[in-house]
Amino acid sequence: MNRALTLISFGAILAFASTQSMASGNIEAGKNKAATCFACHGTDGNAVDPQYPRLAGQYNVYLQQVLHEYKDGHRNNAIMKGFVATLSEQDIEDVAAYFSSLPTKLDTLNGHIQGDK
């Protein structure tokens, strides 16, 4: 039993450490690198047009994952694919750090889910 708890604890520590390493990034550098994002997603990450996602306050690791998915083709959007094509790993970490650091203005999902009226 003790061995099982030790293994579970060790696994949890590794998972936490890998999540923390993915969550790195420089917020100020990210703000500069995200300048092209502002046209659609807003300078504060709270897009006004409902066709563009609000990025402010999203989880850092989630934003990194999404950017990687656009870059490697797992998500298909010609505009986003073009923007992320030139981003380095550090750029992705910085941009994610910036948007995840911003306060969200999304207090409810009402009217923000596709199909809502």
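The structure this text deals with has already been given above.
Every value quoted in this text rests on a predicted model; they were computed, and no experiment measured them. (Residues numbered from 1 in each chain as written. Predicted model: local features only at pLDDT ≥ 70, side-chain atom pairs only at ≥ 80, totals over all residues. Heavy atoms only, no water.)

Asks: Describe the environment of Ser101, listing the residues and the values that go with them.
Replies: Along the chain, Ser101 falls in helix α6 (residues 89–101). Along the sequence, Ser101 and Tyr59 sit 42 residues apart, while their C-alpha atoms lie 8.9 Å from each other. (Helix = DSSP H or I, 4+ residues; strand = E, 2+ residues; numbered from the N terminus.)

Asks: Residue-level account of the pattern of salt bridges, with values.
Replies: Throughout the structure, instances matching the rule amount to 4 salt bridges. One salt bridge in this structure joins Asp91 and Lys33, with 2.9 Å as the shortest N-O distance. In this pair, Asp91 is assigned in helix α6 and Lys33 in helix α2 (residues 27–33), connecting sequence segments 58 residues apart. The exposure class of Lys33 is partly exposed, given its relative accessible area of 30%. As a salt-bridge pair, Glu69 and Arg75 come within 2.6 Å of each other at their nearest N and O atoms. On the basis of relative accessibility, which here comes to 28%, the residue Arg75 falls in the partly exposed class. (Salt bridge = Lys/Arg side-chain N within 4 Å of Asp/Glu carboxyl O. Buried < 20%, exposed > 50% of the residue type's maximum accessible area, 1.4 Å probe, protein only.)

Asks: So what's going on with the side chain of Glu93? Which residues, and what values?
Replies: Relative to the helices and strands, Glu93 is located in helix α6. Every residue in contact with Glu93, bar those within four places of it in the chain, is listed here: Ser24, Gly25 and Gln64. (Contact = heavy atoms within 4.5 Å.)

Asks: An account of the nonpolar core is needed here, citing residue identities and associated values.
Replies: If you look at the biggest cluster of nonpolar residues, it comprises 17 residues, and the most contacted ones within it are Ala34, Leu67, Val84, Tyr98 and Phe99. Ranked by residues supplied to this core, first place goes to α6 with 5 residues. If we ignore the near neighbours within four places in the chain, the residues touching Leu67 are Met80, Val84, Ile92 and Val95. (Core = buried A, V, L, I, M, F, W, Y, C linked by side-chain atoms within 4.5 Å.)

Asks: Lay out the packing of aromatic side chains with the relevant residues and their values.
Replies: Counted according to the given criterion, the structure contains 3 aromatic pairs. With a centroid separation of 6.1 Å and an interplanar angle of 55°, the aromatic rings of Phe38 and Tyr98 are classed as tilted. Here Phe38 is found in helix α3 (residues 38–41), whereas its partner Tyr98 is found in helix α6, with 60 residues between them in sequence. No difference in accessibility class separates Phe38 from Tyr98, as the two residues are buried. In textbook terms, an aromatic cluster arises when at least three aromatic residues are bridged by ring pairs, as seen for Phe38, Tyr98 and Phe99. The ring of Tyr70 carries the charged tip of Arg75 above its face, separated from the ring centre by 5.8 Å. (Phe/Tyr/Trp six-rings, centres within 6.5 Å; stacked < 30°, edge-to-face > 60°. Lys NZ or Arg CZ within 6 Å of the ring centre and 35° of its normal.)

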